[in-house]
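Below, each chain spelled out in residue letters.
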Amino acid sequence: MTGEMNLAYDYPLLGAFWTLLWIFLWVMWIFLLFRIFSDIFRDDSLNGWAKAGWSILAVVLPFLGVFVYLIARGKGMGERESHHARARQHAFDSYVREAAGTAKPSAAEELAKLSEIKARGDLTDEEFQRAKGKILH
């Protein structure tokens, strides 16, 4: 042995691995910060001072602030996220139901209804032809 120490960075593949690992951790950290800030400002149970306090803690002492937030309010983050997801799904479903319920009937449906009215004797032939012309044109 020559007494020379080989570091992991001396090998190109391990150097690339460590670089990718640090990039991955950095991206995860940024994602976690965004997730925490969105949870802070979306939570209706926190008042303005609490939101300001958590935000200042996360900005001034980022590692400690984020970890303390995750320990103190981490379980509630998932519950609040699922509540918001259910609310968004409910709003979407009601919008679809509303849009589908107010859709204009097709010309074939209108003509079928018009034919039924004529068959009952509520329309004359002249009125039927005028209404049919309005539907088709």
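Model, not experiment: these values are computed from the prediction.

Novice: Can you break down the side chain of S55 residue by residue, with the values?
Specialist: Within the element layout of this structure, S55 appears in helix α2 (residues 48-60). Residue S55 is classed as buried on the basis of its relative accessible area, which comes to 12%.

Novice: Tell me about the nonpolar core, and name the residues and values.
Specialist: One finds W29, L33, I36, I40, L46, W54, V66, Y69 and M77 forming the largest nonpolar core, which totals nine residues. Of all the secondary structure elements, the ones that give two or more residues to this core are α1 (12-42) and α3 (62-101). Looking at this core element by element, the count peaks at four residues for α1. Residue contacts for I40: discarding those within four places in its chain leaves L46, K51, W54, S55 and Y69.

Novice: So what about helix α4 (residues 107-120)? Which residues, and what values?
Specialist: Taking 1.5 Å as the rise per residue, α4 with 14 residues should run 20 Å; its terminal C-alpha atoms sit 20 Å apart, in good agreement. Count one or two residues on from α4 and you reach G121, which has phi positive near 95°.

Novice: Could you give an account of α2, naming the residues involved and the relevant values?
Specialist: Taking 1.5 Å of rise per residue, the 13 residues of α2 would be expected to cover 18 Å, and the 18 Å separating its terminal C-alpha atoms lies within 8% of that figure. For α2, every residue scored as buried is listed here: K51, W54, S55 and A58. End-on, the buried residues of α2 take up no more than an arc of 100°, which puts them together on one face. Every exposed residue of α2 that faces more than 90 degrees away from the buried side is listed here: W49, I56 and V60. For α2, the N-terminal cap is N47; the gap from its side-chain oxygen to the backbone nitrogen of W49 is 3.3 Å.

Cut-offs and rules
- Residues numbered from 1 in each chain as written.
- Predicted model: local features only at pLDDT ≥ 70, side-chain atom pairs only at ≥ 80, totals over all residues.
- Heavy atoms only, no water.
- Helix = DSSP H or I, 4+ residues; strand = E, 2+ residues; numbered from the N terminus.
- Buried < 20%, exposed > 50% of the residue type's maximum accessible area, 1.4 Å probe, protein only.
- Core = buried A, V, L, I, M, F, W, Y, C linked by side-chain atoms within 4.5 Å.
- Contact = heavy atoms within 4.5 Å.
- Expected span 1.5 Å × (residues − 1).
- Arc of directions from axis to C-beta.
- Polar contact = N/O pair within 3.5 Å; in protein donor to acceptor, adjacent residues only side chain to side chain.

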